[in-house]
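Examination of the molecular architecture
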Amino acid sequence: MKQTFNLPVAAYNVSGEFSMVKAGAKLGWIDGDRVMMEILTSIKRAGADMILTYHAKEAAALLNK
(Lines give C-alpha, C1' and ligand atoms only; values in the text may rest on other atoms or scores of the structure.)
Protein backbone atom coordinates (compact mmCIF):
# COMPACT_ATOMS: atom_id res chain seq x y z
CA MET A 1 0.00 0.00 0.00
CA LYS A 2 2.82 2.37 0.91
CA GLN A 3 4.51 1.86 -2.46
CA THR A 4 1.31 2.20 -4.46
CA PHE A 5 -0.03 5.35 -2.80
CA ASN A 6 3.21 6.88 -1.44
CA LEU A 7 1.56 7.63 1.91
CA PRO A 8 2.51 6.67 5.47
CA VAL A 9 0.85 3.55 6.84
CA ALA A 10 -0.70 3.51 10.30
CA ALA A 11 -1.61 0.30 12.13
CA TYR A 12 -3.87 -0.13 15.14
CA ASN A 13 -3.09 -2.74 17.79
CA VAL A 14 -6.62 -3.80 18.75
CA SER A 15 -7.94 -3.75 22.31
CA GLY A 16 -8.77 -7.46 22.31
CA GLU A 17 -5.16 -8.37 21.67
CA PHE A 18 -4.08 -5.92 24.39
CA SER A 19 -6.50 -7.57 26.82
CA MET A 20 -5.24 -11.06 25.98
CA VAL A 21 -1.63 -10.01 26.63
CA LYS A 22 -2.57 -8.41 29.96
CA ALA A 23 -4.64 -11.42 31.08
CA GLY A 24 -1.97 -13.93 30.04
CA ALA A 25 0.71 -11.98 31.89
CA LYS A 26 -1.45 -11.62 35.00
CA LEU A 27 -2.02 -15.38 35.08
CA GLY A 28 1.70 -16.03 34.60
CA TRP A 29 1.22 -17.78 31.27
CA ILE A 30 3.40 -15.35 29.28
CA ASP A 31 6.03 -12.68 29.76
CA GLY A 32 3.81 -9.67 29.04
CA ASP A 33 6.63 -7.25 28.21
CA ARG A 34 8.29 -9.64 25.75
CA VAL A 35 5.00 -10.49 24.05
CA MET A 36 4.03 -6.80 23.84
CA MET A 37 7.35 -5.87 22.22
CA GLU A 38 7.14 -8.81 19.79
CA ILE A 39 3.67 -7.72 18.69
CA LEU A 40 4.77 -4.12 18.15
CA THR A 41 7.97 -5.20 16.40
CA SER A 42 6.03 -7.46 14.04
CA ILE A 43 3.68 -4.61 13.13
CA LYS A 44 6.69 -2.41 12.36
CA ARG A 45 8.35 -5.19 10.33
CA ALA A 46 5.14 -5.53 8.33
CA GLY A 47 5.62 -1.95 7.13
CA ALA A 48 3.77 0.32 9.53
CA ASP A 49 5.18 3.82 9.81
CA MET A 50 3.21 4.48 12.97
CA ILE A 51 1.43 2.24 15.47
CA LEU A 52 -1.58 3.20 17.58
CA THR A 53 -1.62 1.02 20.68
CA TYR A 54 -2.78 0.84 24.27
CA HIS A 55 0.76 -0.38 25.03
CA ALA A 56 2.32 3.00 24.11
CA LYS A 57 3.38 4.16 27.58
CA GLU A 58 4.69 0.75 28.62
CA ALA A 59 6.58 0.25 25.36
CA ALA A 60 8.11 3.72 25.60
CA ALA A 61 9.27 3.02 29.16
CA LEU A 62 10.92 -0.25 28.10
CA LEU A 63 12.58 1.36 25.09
CA ASN A 64 13.92 4.21 27.20
CA LYS A 65 15.59 1.90 29.77
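Structure: above.
The notes below deal with the structure included here. (Residues numbered from 1 in each chain as written. Predicted model: local features only at pLDDT ≥ 70, side-chain atom pairs only at ≥ 80, totals over all residues. Heavy atoms only, no water.)

Time to look at the overall build of the chain. Along the chain, the regular secondary structure elements total four helices and two strands. If you list the helices and strands of the chain from N to C, you get α-β-α-α-β-α. For the chain, with 65 residues in total, the buried portion stands at 23%. Within the chain, contacts between residues separated by at least 24 positions form 64% of all contacts whose residues are at least 6 apart in sequence. A total of about 5000 Å² of accessible surface is found on the chain, and carbon and sulfur atoms cover 61% of it. Both charge centroids of the chain, one from 8 positive and one from 6 negative side chains, sit 3 Å from each other. (Helix = DSSP H or I, 4+ residues; strand = E, 2+ residues; numbered from the N terminus. Buried < 20%, exposed > 50% of the residue type's maximum accessible area, 1.4 Å probe, protein only. Contact = heavy atoms within 4.5 Å. Areas by Shrake-Rupley, 256 points an atom, 1.4 Å probe, with all protein chains shown as cover. Lys, Arg positive; Asp, Glu negative; His and termini not counted. Charge placed at Lys NZ, Arg CZ, Asp CG, Glu CD.)

A surface patch of nonpolar side chains, amounting to about 420 Å² of accessible area, comprises Y12, V14, L52 and Y54. The residue L52 is located in strand β2 (residues 50-52) in this model. (Patch = residues over 30% accessible without salt bridge, like charges linked within 9 Å, V, L, I, M, F, W, Y side chains within 5 Å. Salt bridge = Lys/Arg side-chain N within 4 Å of Asp/Glu carboxyl O.)

Working definition: an aromatic ring pair is given by the centre-to-centre distance plus the angle between the planes. The full count for this structure, using the stated rule, is two aromatic pairs. Residues Y12 and Y54 carry aromatic rings whose centres are separated by 6.3 Å and whose planes lie at 65 degrees to one another, so their mutual orientation is edge-to-face. One end of the pair, Y12, is in strand β1 (residues 10-12); the other, Y54, is in the loop between β2 and α4 (56-63), and 42 residues separate them in sequence. For Y12, a relative accessible area of 48% puts it in the partly exposed group. For Y54, a relative accessible area of 47% puts it in the partly exposed group. (Phe/Tyr/Trp six-rings, centres within 6.5 Å; stacked < 30°, edge-to-face > 60°.)

The subject of this paragraph is unusual backbone geometry. Peptide bonds are, in most cases, trans, and in most cases residues other than glycine have a negative phi. Notably, N6 is not glycine yet its phi reads approximately 55 degrees, a positive angle. The residue N6 is located in the loop between α1 (2-5) and β1 in this model. Exposure remark for N6: the relative accessible area of 68% places this residue in the exposed category.

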